[in-house]
Amino acid sequence: MGVLSKKNDKVTKTSQLKGQKLIVNKGTTAETYFTQNASKLGVDLLKFDSKTQQFNALKNGRADVLADDNTYLYTWAKNNPDYVVGIKELGPQSYISPAVKKGNKDLLKWTNKEIAKLDKDGFLDQTYKSQLAPYFTKDVKASDVLVK
């Protein structure tokens, strides 16, 4: 999860969130994290039902910052250059990855072997460069998105 703010009022650390109106999308890890930590961080939490609503609310000045999956934020910031992802990583990490039914050790072993092979062959880095990097701002690195 990351935090997006206006480029000319860039938020780069959680202490800068104090007193800010912060937008999250309902049902996301950002909502869970900030619902649990809003009082500690001193943020005024605004919750929206969709990504379109939350980004429009930010653009319309209804809030100061927006928290969401950092990959969404990287893409949105590229298309909205007045905004920047100042906090690239916040809260518990969550991953998009293959899953194997618990106890299926053969399939787990095979899956891990195939992922390692793809990584060794450079597939993950090449795929990042061709499929993700073109949609992100230039300051985003593969290590901001890929976990090896």
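Please read these numbers as outputs of a predicted model, since none were measured by experiment. (Residues numbered from 1 in each chain as written. Predicted model: local features only at pLDDT ≥ 70, side-chain atom pairs only at ≥ 80, totals over all residues. Heavy atoms only, no water.)

**Concerning the side chain of N25**
Moving on, step 1. Checked against the element boundaries, N25 lands in strand 2 (residues 21–25).
Moving on, step 2. Exposure remark for N25: the relative accessible area of 7% places this residue in the buried category.
Moving on, step 3. Excluding its chain neighbours within four sequence positions, the residues that come into contact with N25 are E31, F48, D49, S50, K51, Q54 and D68. (Helix = DSSP H or I, 4+ residues; strand = E, 2+ residues; numbered from the N terminus. Buried < 20%, exposed > 50% of the residue type's maximum accessible area, 1.4 Å probe, protein only. Contact = heavy atoms within 4.5 Å.)

**Some remarks on helix 1 (residues 29–41)**
Moving on, step 1. Residue T35 marks the point of greatest curvature in helix 1, where the axis turns by about 45°.
Moving on, step 2. Listed as buried for helix 1 are A30, E31, Y33, F34, N37, A38 and L41.
Moving on, step 3. Looking at the buried side of helix 1, the elements it contacts are strand 1 (2–6), strand 2, strand 3 (44–48) and strand 4 (65–68).
Moving on, step 4. Positive phi shows up at G42, right after helix 1, with a value of about 75°. (Bend = angle between axes of the 7 residues up to and from the residue.)

**Regarding the pairing of strand 5 (residues 83–87)**
In regular strands, side chains alternate between the two faces of the sheet.
Moving on, step 1. Counting buried positions along strand 5 gives five out of five residues, so the element sits mostly inside the fold.
Moving on, step 2. Direction of pairing for strand 1 relative to strand 5: antiparallel, over a ladder of four bridges. Counterpart to V3 in the pairing with strand 5 is I87. (Pairing = 2+ DSSP bridges.)

**Description of the domain arrangement of the protein chain**
Moving on, step 1. You can read the domains of the protein chain as domain 1 (2–87) and domain 2 (105–144).
Moving on, step 2. Here the C-alpha centre of domain 2 lies 27 Å away from the C-alpha centre of domain 1.
Moving on, step 3. Taken together, the contact between domain 1 and domain 2 spans six residues of the former and six residues of the latter.
Moving on, step 4. Carbon and sulfur atoms make up 59% of the surface buried where domain 1 meets domain 2, a total of about 590 Å² over both sides.
Moving on, step 5. When the area that domain 1 buries against domain 2 is broken down by residue, the three leading residues are Y74, T75 and K78, summing to 79%.
Moving on, step 6. Applying the counting rule to domain 1 against domain 2 returns zero salt bridges.
Moving on, step 7. Across the contact surface, domain 1 and domain 2 share one residue pair in polar contact (both at pLDDT 80 or more). (Domains from an automatic or database assignment. Buried area = accessible area lost by both parts, 1.4 Å probe. Salt bridge = Lys/Arg side-chain N within 4 Å of Asp/Glu carboxyl O. Polar contact = N/O pair within 3.5 Å; in protein donor to acceptor, adjacent residues only side chain to side chain.)

**Some remarks on the pattern of salt bridges**
Moving on, step 1. Under the criterion given, the structure shown has five salt bridges.
Moving on, step 2. E31 serves as the salt-bridge partner of K47, at 3.3 Å between the closest nitrogen and oxygen. Here E31 lies in helix 1 and K47 lies in strand 3, a separation of 16 residues in the sequence.
Moving on, step 3. Taking the shortest distance from any N to any O, the salt bridge between D139 and K88 comes out at 3.9 Å. On the criterion of sequence distance, the pair formed by D139 in the segment after helix 5 (123–132) and K88 in the loop between strand 5 and helix 4 (105–120) is long-range, its members being 51 residues apart.
Moving on, step 4. By relative accessible area, D139 is classed as partly exposed at 40%.

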